[in-house]
Amino acid sequence: MFAKPTVGRTTAAAEGDVVVLLIGMRVNHFWAVHQWAPVMLSMFRMLGELARDGDRGLLGRVLLTASPRTYYVVQYWESKEKLYAYATSPDMFHHRAWGIVNRKERAGKVRGHVGLWHEAYVVPEGSYESIYFDMPPFGLAAATGVLPVESRGRRAAERFAHRSAGAGGA
């Protein structure tokens, strides 16, 4: 049921640029369950949709909470192009969900019961590193695979300096 920790130090097997999307919601009024529950369920529906179609580009995700009011997902994507393609695809649920939000906003029916947010980052190779100590695959390592830390360097500076074969390094 629970993943056993990997003994020792590991690092993520990420190669090239990493695309990270932080996306979430804030419950502004707990009593307005009818307003925020559909938003939360929509996120789970989108994650399920992406899990069923690996070609869409979502490599992995971590569900987190920042407080009893704020919930978010850290997502790792193959590329910003695949992220954009999913977000704008008329046949995907995200497109329909945002259509509903936009129509409610134009009609003046948004009451501020739930907040939505996202931040997207394209992190160039050489601008990220990772280390996991006695951990099962998590975060970037769960999305891209796990390597012994020695393969990228015992020190953070060495891991930052790693370049994939396609980048003319390593």
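Scoring rules and cut-offs
- Residues numbered from 1 in each chain as written.
- Predicted model: local features only at pLDDT ≥ 70, side-chain atom pairs only at ≥ 80, totals over all residues.
- Heavy atoms only, no water.
- Helix = DSSP H or I, 4+ residues; strand = E, 2+ residues; numbered from the N terminus.
- Buried < 20%, exposed > 50% of the residue type's maximum accessible area, 1.4 Å probe, protein only.
- Expected span 1.5 Å × (residues − 1).
- Arc of directions from axis to C-beta.
- Contact = heavy atoms within 4.5 Å.
- Salt bridge = Lys/Arg side-chain N within 4 Å of Asp/Glu carboxyl O.
- Axes fitted to C-alpha atoms, helices over the stretch in contact; angles between N-to-C directions.
- Parallel < 35°, antiparallel > 145°, perpendicular 65-115°, else oblique.
- Nonpolar A, V, L, I, M, F, W, Y, C, P; charged D, E, K, R; others polar.
- Phe/Tyr/Trp six-rings, centres within 6.5 Å; stacked < 30°, edge-to-face > 60°.

Attention shifts here to the overall build of the chain. Of the regular secondary structure elements, the chain holds five helices and seven strands. In the chain, the order of α-helices and β-strands from amino to carboxyl end is β-β-α-β-β-α-α-β-β-α-β-α. Its C-alpha atoms give the chain principal-axis dimensions of roughly 55 × 30 × 30 Å. Counting only residues that meet the buried cut, the chain has 35% of its 170 residues in that class.

Turning our eyes to something else, we now look at helix H1 (residues 33-52). Three- or four-residue spacings in an α-helix give side chains the same orientation, since the helix completes a turn every 3.6 residues. The end-to-end C-alpha distance of H1 is 28 Å, a good match for the 28 Å that 20 residues give at a rise of 1.5 Å each. Restricting attention to buried positions, one finds in H1 the residues Trp36, Ser42, Met43, Met46, Leu47, Glu49 and Leu50. Projected down its long axis, H1 shows its buried positions confined to an angular sector of 160°, all on one face. Within H1, the exposed residues directed more than 90 degrees away from the buried face are His34, Leu41, Ala51 and Arg52. The inward-facing, buried residues of H1 abut strand E2 (18-27), strand E3 (58-65), strand E4 (70-77), helix H2 (80-88), helix H3 (93-106) and strand E5 (114-123).

Another aspect to go through is the environment of valine 149. Within the secondary structure, valine 149 is located in the loop between strand E7 (146-148) and helix H5 (156-161). Each C-alpha atom, one on valine 149 and one on phenylalanine 133, is 9.5 Å from the other, the two residues being 16 residues apart in sequence. Not counting chain neighbours up to four residues away, the residues in contact with valine 149 comprise Arg9, Thr10, Thr11, Ile131, Arg154 and Arg159.

Counted by the stated rule, this structure contains six salt bridges. Between aspartate 53 and arginine 56 there is a salt bridge whose closest N-O contact spans 3.4 Å. A salt bridge links arginine 154 to glutamate 150, with the nearest nitrogen and oxygen atoms 2.9 Å apart. A cluster of three or more residues bridged by salt bridges with shared partners is formed by Asp53, Arg56 and Asp91.

The subject of this paragraph is the packing of H2 against H3. Two numbers describe how H2 lies on H3: the axes approach to 6 Å, and their chain directions differ by 55°. With respect to H3, the element H2 is oriented oblique. Facing H2, whose interface residues are Tyr86, Ala87 and Thr88, H3 presents Phe93, His94 and His95. Among the residues forming the contact of H2 with H3, the class breakdown is three nonpolar, three polar and no charged.

Let's shift gears to the packing of aromatic side chains. For the structure on display, the rule yields two aromatic pairs. Both rings, one in tyrosine 72 and one in tryptophan 117, keep their centres 5.7 Å apart while their planes meet at 50°; by these two values the pair is tilted. Note that tyrosine 72 is positioned in strand E4 and tryptophan 117 in strand E5, a separation of 45 residues in sequence. With a centroid separation of 6.2 Å and 35° between ring planes, the pair formed by tryptophan 77 and tyrosine 86 is classed as tilted. A single burial state applies to tryptophan 77 and to tyrosine 86, both of which are buried.

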